[in-house]
Amino acid sequence: MVIVGDDPASRVYVNNKKKACEACSIMSEEYALPAETAEEELLALVDTLNKREDIHGILVQLPLPKHIDSQKVLLAIDYRKDVDAFHPVNVGKIMIGNFDFLPCTPAGVMELIRLTGIEVAGKECVVVGRSNIVGKPQAMLLLHQNGTVTICHSKTKNLAEVCRRADILVAAVGKANFITADMVKPGAIVIDVGMNRVDGKLCGDVKFDEVSQIASAITPVPGGVGPMTIAMLMKNTVKAASLKLDTLR
Ligand code: GUN
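Residues numbered from 1 in each chain as written. Predicted model: local features only at pLDDT ≥ 70, side-chain atom pairs only at ≥ 80, totals over all residues. Heavy atoms only, no water.

Asks: Explanation requested: the overall build of the chain in the structure shown.
Replies: A count of helical and extended segments in the chain gives 9 helices and 9 strands. Principal axes of the C-alpha set define a box for the chain whose edges measure 50 × 45 × 35 Å. Counting only residues that meet the buried cut, the chain has 43% of its 249 residues in that class. Relative to all contacts within the chain whose residues are 6 or more apart in sequence, the contacts with residues 24 or more apart total 63%. Of the roughly 12,700 Å² that the chain leaves accessible, carbon and sulfur atoms contribute 56%. Across the chain, the mean location of the 28 positive side-chain charges is 4 Å away from that of the 29 negative side-chain charges. (Helix = DSSP H or I, 4+ residues; strand = E, 2+ residues; numbered from the N terminus. Buried < 20%, exposed > 50% of the residue type's maximum accessible area, 1.4 Å probe, protein only. Contact = heavy atoms within 4.5 Å. Areas by Shrake-Rupley, 256 points an atom, 1.4 Å probe, with all protein chains shown as cover. Lys, Arg positive; Asp, Glu negative; His and termini not counted. Charge placed at Lys NZ, Arg CZ, Asp CG, Glu CD.)

Below, the structure is given as structure tokens:
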């Protein structure tokens, strides 16, 4: 795990990932670099980790400081060790449905949906947010399971109306309390990927108190998607190690 700078949220995430590794008996090393680290220095560290035979997974915590080109860093990670599934090779493999790793948060969301017992096939799925980490891959995973998928974003017209069509609504906007009860179809499954701080308190994108009254299933923040993201990261790491073992057989 590589963390650059001292973003408090990133620190919490990395600590949680470290704890999960311990719980799963996965050996982890943390490289905490100062915010002023040069891009070449970070790329050199990634290169060293790529070459180490005893390391199966590499995670560079995002966001990176502004002077570092995140895409360049993600591209430098050996795609076979890319347990976040952010490398363009893995993104492409997800697009065509022939993947080794799934991006952790969208995969965690799919697992939560699966556990409701509701089939995605044929359902109206609306994803609010189009980030590379969540929105776009989330839409693809719902599509793989034959959902009818709409991606909403800041330029979407009649957002509330589009959201109200959803049998499955995934909120990944990054705005506290953005999804209100009038935007949700009664009986819908609502998954809240938001991680917002309001007066120091963690809260999601969904106004939980009112939406929970009408949804058939809903995830809280904290305690919903977050732990699933970490569980999927552990799964990807074990997969990376087992794929490596396969090449040695
Ligand atoms: N920053 C926010 N979410 C993530 C994630 O899933 N992986 C990494 N590496 N950085 C993040």
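Asks: Would you mind going over the nonpolar core with me for this structure?
Replies: Of all hydrophobic cores here, the largest spans 38 residues; its most connected members are Ile113, Leu142, Val170 and Ile191. Contributions of two or more residues to this core are made by α1 (8–23), α5 (104–116), β3 (124–128), α6 (135–144), β5 (168–171), β6 (189–192) and α9 (225–248). Broken down by element, this core gets its largest block of residues, 7 residues, from α9. For Leu142, the contacting residues outside a window of four places in its chain are Met110, Ile113, Val120, Cys125, Val127, Gly147, Val149 and Val170. (Core = buried A, V, L, I, M, F, W, Y, C linked by side-chain atoms within 4.5 Å.)

Asks: I keep staring at the packing of aromatic side chains and nothing clicks. Help me out?
Replies: Note on aromatic pairs: each is described by the distance of the centres and the angle between the planes. All chains considered together, the criterion is met by 0 aromatic pairs. Taking NZ or CZ as reference, Arg80 lies 5.7 Å from the ring centre of Tyr79, over its face. (Phe/Tyr/Trp six-rings, centres within 6.5 Å; stacked < 30°, edge-to-face > 60°. Lys NZ or Arg CZ within 6 Å of the ring centre and 35° of its normal.)

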